[in-house]
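# Chain and residue survey
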Amino acid sequence: MSHRSIRKYKDATVEESTIRKILEAGCRASTTGNMQLYSIIITREEAGKKALATCHFNQPMVQNAPVVLTFCADFNRFNKWCKLSNAEPGYDNFLSFVTAAIDALLVAQNVTIAAESEGLGVCYLGTTTYLAAKIIDILKLPKGVVPVTTLTIGWPNEDPGQVDRLPLDAIIHKETYRDYTDDQVINAYRNKENRLDSLQFVAENNKETLAQVFTDIRYKKSDNVAFSNMLLIVLKEQGFMNQ
Ligand SMILES: Cc1cc2nc3c(=O)[nH]c(=O)nc-3n(C[C@H](O)[C@H](O)[C@H](O)COP(=O)(O)O)c2cc1C
């Protein structure tokens, strides 16, 4: 209940033992068939963080955080085990990518909770899937491995307030999906739209509505289509497109 993304970190190291502790806890996450279809790349050295920063549009957290974790969907290790065991893997397909990506994301969120319970602050980086090809290159990820999300981790050097969430009743559906009336949608987003930071956001960006800030600036179609096409190429190259 007290989660907030932390984007500023103290210039203090995170002990190796603490990292191992949160990763051990992370790996207790449920995993498809107990296959653990993920790998976690730990980046602590400046050179590595500098290289990765360019893949994340130079978001300052990447270089400022003492630890950067890249969570990868990984069928490479499992495929190798199958082949060494006279078993023919059938995981060169899109479903298997989604399966491994789900596993990787569950671990990432468990690591988040474990880190926060140690007093650490974390921030996810969605940019991981935008420039995945470059990350694959930098982290030397083999075929069968695709980065799906990144966490920057460190001791908090800021104390931001919690940001809003939609009311729970706007999110839940009882037994079957109850599609939203226009009024229900307007009510669900009303508080978000009326927040001071949202109003400032709209004004600063010269937009009429908060939704336009999302559609025209933050997550616009042209970017989505371009990055989507790039990701499809990555999935093909990494062996997840039904070859
Ligand atoms: C998959 C994912 C990707 C995200 N990517 C970024 C990012 O690239 N940069 C950033 O500053 N925050 C990023 N965030 C953090 C969100 O902006 C943040 O979770 C959201 O605004 C809610 O704020 P809170 O985490 O403080 O509750 C990401 C969060 C998720 C779950």
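Above this note sits the structure.
Anyway, here's the lowdown on the structure attached to this text.

Definitions and limits used
Residue positions are counted from 1 within each chain, in the order its sequence is given. Reporting in this predicted model follows two pLDDT cut-offs: at least 70 for local features of residues, and 80 or more for side-chain atom pairs to be given and counted; totals over whole chains, interfaces and linings ignore these cut-offs and use all residues. Only hydrogens and water are set aside; all other atoms, that is, all heavy atoms of the structure, feed into the side-chain values. Working convention: axes come from line fits to C-alpha atoms, limited for helices to the stretch in contact. Angles between N-to-C directions cover 0 to 180 degrees. In this text, helices come from DSSP runs of H or I with a minimum length of four residues, and strands from runs of E with a minimum of two, each type numbered from the N-terminal end. When describing relative orientation, an angle under 35 degrees is termed roughly parallel and one over 145 degrees roughly antiparallel, while 65 to 115 degrees is termed roughly perpendicular and anything else oblique. Left-handed describes a crossing in which the near helix is turned anticlockwise from the far one by less than a right angle; the clockwise case is right-handed. The contact rule is simple, with two residues in contact once any of their heavy atoms fall within 4.5 Å. Here the nonpolar group is Ala, Val, Leu, Ile, Met, Phe, Trp, Tyr, Cys and Pro; Asp, Glu, Lys and Arg are the charged ones; every other residue, Gly included, is treated as polar. Nearness here has a simple test: a residue counts as near a molecule or strand if at least one of its heavy atoms is within 4 Å of that partner. Distance and chemistry together define a polar contact, namely a pair of N or O atoms within 3.5 Å, with one atom able to donate a hydrogen and the other to accept it when in protein, and with adjacent residues in sequence counting only for side-chain atoms on both sides. By definition here, a salt bridge exists when the distance from a side-chain nitrogen of Lys or Arg to a carboxyl oxygen of Asp or Glu is within 4 Å. A simple rule labels every residue: compare its accessible area, found with a 1.4 Å probe on the protein chains alone, to the largest value its type can have, and call it buried under 20%, exposed over 50%, or partly exposed in between. To be clear, the arc concerns the directions from the helix axis to the C-beta atoms.

### Overview of the packing of helix α1 (residues 16–26) against helix α5 (residues 94–117)
- Put simply, α1 and α5 touch, their axes get as near as 7 Å, and they point 135° apart. The orientation of α1 relative to α5 falls into the category oblique. Handedness of the crossing formed by α1 with α5: right-handed. In this structure, α1 contributes I22, L23, A25 and G26 to the contact, and α5 contributes V107, N110, V111, A114 and A115.
- The class makeup of the residues in the contact of α1 with α5 is seven nonpolar, two polar and no charged.

### Things to note about the environment of L120
- Following the sequence through the fold, L120 ends up in the loop between α5 and β3 (121–125).
- Separated by 36 residues in sequence, L120 and P156 have C-alpha atoms that sit 6.3 Å apart.
- Discounting residues that sit within four places of it in the chain, L120 has contacts with V14, T18, I22, A115, I153, G154, W155 and P156.

### Observations concerning the site of the ligand
- Looking at the ligand, the residues that line it are H3, R4, S5, R7, Q59, M61, C123, Y124, L125, G126, V163 and R165.
- In this structure, an oxygen atom belonging to the ligand sits 2.7 Å away from a side-chain N or O atom of R7.
- Between the ligand and Y124 there is a distance of 3.3 Å, counted from a nitrogen atom to a backbone nitrogen or oxygen.
- The leading source of residues in the shell around the ligand is β3, at three residues.

### Looking at the pattern of salt bridges
- Under the defined criterion, the tally for this structure stands at nine salt bridges.
- Ionic pairing is found between K192 and D164, a salt bridge with its closest N-O pair at 2.9 Å. Separated by 28 residues along the polypeptide, K192 in helix α8 (residues 182–194) and D164 in the loop between β4 (145–154) and α7 (168–171) bring together distant segments of the chain.
- Exposure remark for K192: the relative accessible area of 22% places this residue in the partly exposed category.
- For R195, the salt bridge goes to D197, with nearest N and O atoms at 3.0 Å.

### Considering helix α6 (residues 132–139)
- The set of residues buried in α6 consists of A132, I135, I136 and L139. One face of α6 carries all of its buried residues, which in axial projection span an arc of 105°.
- Of the surrounding secondary structure, the elements contacted by the buried residues of α6 are β1 (38–43), α2 (46–55), β2 (67–74), β4 and α11 (221–237).
- Among the residues trailing α6, K140 stands out with phi positive, at a value near 55°.

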